[in-house]
Amino acid sequence: SKVLVTGANGYIAMWIVRTLLEQGYCVRGAVRSESKGKYLTEYFGKRGFGSDKLEVVVVEDITKPGAFDEAVKGVDAIEHTAAPVASEVANPQEFMKPAVQGTVGILQSALEHGSSVKRIILTSSGAAILARPSEPTLYSEEDWNDESVQDIEQNGANAKPESGYRASKTISERAAWKFVEDHKSNINWDLAVINPPVVFGPCIQEVVGGPTSLNVSQRWLYDAIVDTASKSKEWLYYSSVWIDVRDLALAHVLALQKEAAGGERIAVSAGPFDLQDLVDTANSLEPYPLPSHPPHKGIPGFEKTYLIRLKTDKQEKILGMTGSSLRTMEEAVRDSLMEFAGRG
Ligand code: NDP
């Protein structure tokens, strides 16, 4: 069967496409330009997946009404990952448009032109669940991050820089569920949502112009371990929950395959971490994979309090991904550094 993957050239989507192809699916990858598509066909062509397995479509502007009308035709499922990602946003309203309109737009296209579509998976985020607690807090899919939405509503351009992206994930996911509710009698597909927290692990996407062009979460790993001068040491105290990109890609494929995923919001996570953990993990690697940039020590020995924990019952029960099957931080850090070393 054939799966449409939007934002197919992105960090997470490249691994989704790879996992789908390796499992025997045909993939239609939607990208914003021909040149981005070229990288995809070359990368997967080298791995033996020709044009019979992977086709690329260009959707230049996902905010245009009907942008995905052609792309959804003839596919059995859709993985919608395309959305702007930035840790700091100056103009939240503008920033949000492709996130929200892209999400509602692809659902509308699937409603009108996706007669063969059976399931749509939306890549939402832990950002649509987690607040920034001051006390240790256990979150689950029951929780919604409305804090960032309120920050934007009340403070507009003076909202916290991080609220723009975080609110865009809450608002676009809510819009998706509302769309399904509003059209439940006319749609022949169901929706499953994956909520990943911070994603680490090797990048296989095209990175034009060096590390500053890495996707946001892989840039964090790079800045924490390799480019230590770019951030203050206190930044290493930042803690949240995380997952390896390869496990996240598998979760997106399992969410297509497991009947019970339909209608569910599924948080995925390998557990809590702080950025100093990335540094400590790098220091523990033998041999160290990036000898051109020996690891520094960061701020070792501070007392850790992981404020955020995320329940993963659905990840285990619905997707069958148990803690012991997930990649460890050692694998994520080692393989990320090896990837950097390979790129020079
Ligand atoms: P990337 O930046 O690598 O990928 C983002 C993808 O979305 C790219 O294909 C990009 O296309 C596309 N995109 C961005 N802005 C637009 C736009 N305005 N119009 C159309 N397409 C656009 O990031 P990730 O792979 O990390 O993110 C993928 C998804 O996963 C996003 O929805 C993100 O919110 C979500 N996510 C990511 C997490 C992480 O830690 N990485 C954590 C939780 C959720 P182009 O290359 O042309 O810009």
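Residues numbered from 1 in each chain as written. Predicted model: local features only at pLDDT ≥ 70, side-chain atom pairs only at ≥ 80, totals over all residues.

Turning next to the overall build of the chain. Assigned secondary structure in the chain consists of ten helices and twelve strands. For 344 residues, the compact-globule formula gives about 20 Å, and the C-alpha radius of gyration of the chain, at 19 Å, lands near that figure. Expressed along its principal axes, the backbone C-alpha trace of the chain runs to roughly 55 × 50 × 40 Å. Of all 344 residues assigned to the chain, the portion counted as buried reaches 48%. Contacts in the chain between residues at least 24 apart in sequence constitute 78% of all its contacts with a sequence separation of at least 6. (Helix = DSSP H or I, 4+ residues; strand = E, 2+ residues; numbered from the N terminus. Rg over C-alpha atoms; globule rule 2.2 N^0.38 Å. Buried ≥ 20, exposed ≤ 12 C-beta atoms within 10 Å, placed from the backbone. Contact = placed C-beta atoms within 7 Å.)

Taken together, 25 residues lie near the ligand, and Gly7, Gly10, Pro98, Asn215 and Ser217 sit nearest. Those elements giving two or more residues to the shell around the ligand turn out to be α1 (11–22) and β8 (198–200). Per-class residue counts for the shell around the ligand are twelve nonpolar, ten polar and three charged. (Near = placed C-beta within 6 Å. Nonpolar A, V, L, I, M, F, W, Y, C, P; charged D, E, K, R; others polar.)

The biggest cluster of nonpolar side chains holds 105 residues, and the ones touching the most others in it are Val5, Ile12, Ile78, Ile120, Ala251, Ala255 and Ile266. Here this core gets nine residues from one element, more than from any other, and that element is helix α7 (residues 245–257). Residues in contact with Val5, not counting those within four places in the same chain, are Ala13, Ile16, Val17, Val27, Gly29, Ala30, Glu79 and Thr81. (Core = buried A, V, L, I, M, F, W, Y, C linked by C-beta atoms within 7 Å.)

This part covers the sheet that holds strand β11 (residues 271–274). A sheet is described by the order of its strands in space; here three strands give the open sequence β8-β9-β11, paired in mixed fashion. Since the sheet does not close on itself, it has two edges, and those belong to β8 and β11, each with one partner. Neighbour-to-neighbour, the strand axes of this sheet turn through a mean angle of 55°, independent of strand direction. As judged from the four bridges shared by strand β9 (residues 239–244) and β11, these two strands associate in the antiparallel manner. Within β11, the residue paired with Ser240 across the bridge is Phe273. Where α7 meets the sheet, it contacts β8 and β9, and its direction lies at approximately 65° from that of β9. (Pairing = 2+ DSSP bridges. Axes fitted to C-alpha atoms, helices over the stretch in contact; angles between N-to-C directions.)

Compared with the 16 Å implied by 1.5 Å per residue over twelve residues, the 17 Å span of α1 between its first and last C-alpha is a close match. When you tally the buried positions in α1, you get nine out of twelve residues, the bulk of the element. The set of residues buried in α1 consists of Tyr11, Ile12, Ala13, Met14, Trp15, Ile16, Val17, Thr19 and Leu20. One or two positions beyond α1, positive phi appears at Gly24, with a value near 95°. (Expected span 1.5 Å × (residues − 1).)

Reading across from one edge, β3-β2-β1-β4-β5-β7-β10 is the order of the seven strands in this open sheet, with parallel pairing throughout. Only two strands of the sheet have a single neighbouring strand rather than two, namely β3 (54–58) and β10 (265–267). Pairwise comparison of adjacent strand axes, ignoring direction, gives a mean angle of 20° for this sheet. Here helix α3 (residues 92–113) sits on the sheet and contacts β1 (2–6), β4 (77–80) and β5 (119–123); the angle it forms with β4, its principal contact strand, is near 170°.

Let us look at the packing of α3 against helix α5 (residues 163–182). For the pair α3 and α5, the least separation of the axes is 9 Å and the interaxial angle reads 25°. The orientation of α3 with respect to α5, classified from their angle, is roughly parallel. As for the relative orientation of α3 and α5, their crossing is right-handed in sense. Note on element contacts: α5 touches α3 through Ser163, Gly164, Ala167, Ser168, Ile171, Ser172, Ala175, Ala176 and Phe179, opposite Pro92, Phe95, Met96, Ala99, Val100, Thr103, Val104 and Leu107. (Parallel < 35°, antiparallel > 145°, perpendicular 65-115°, else oblique. Left-handed = near helix turned anticlockwise from the far one by under 90°.)

Below, the discussion takes up the UniProt feature "domain: NAD-dependent epimerase/dehydratase" (unreviewed entry) in the chain. The UniProt feature table records "domain: NAD-dependent epimerase/dehydratase" (unreviewed entry) at residues 3–264. The span residues 3–264 is 38% helix and 16% strand, and its two end C-alpha atoms sit 19 Å from each other. (UniProt positions renumbered as here; feature names shortened; annotations may be inferred.)

Okay, unusual backbone geometry next. The omega angle of the peptide bond from Glu286 to Pro287 is -5°, so this bond is cis rather than trans. Relative to the helices and strands, Pro287 is located in the loop between α8 (275–284) and β12 (308–310).

Turning our eyes to something else, we now look at the packing of helix α6 (residues 216–225) against α8. Helix-helix packing is characterised by the crossing angle of the two axes and by the distance between the axes. Taken N-terminus to C-terminus, the directions of α6 and α8 make an angle of 60°; their axes are 9 Å apart at the nearest point. Comparing the axis directions of α6 and α8 gives the class oblique. The handedness of the crossing between α6 and α8 comes out as right-handed. Between α6, through Trp220, Leu221, Ala224 and Ile225, and α8, the contact on the second element is made entirely by Leu275, Leu278, Val279 and Ala282. Looking at the contact of α6 with α8 residue by residue, the classes come out as eight nonpolar, no polar and no charged.

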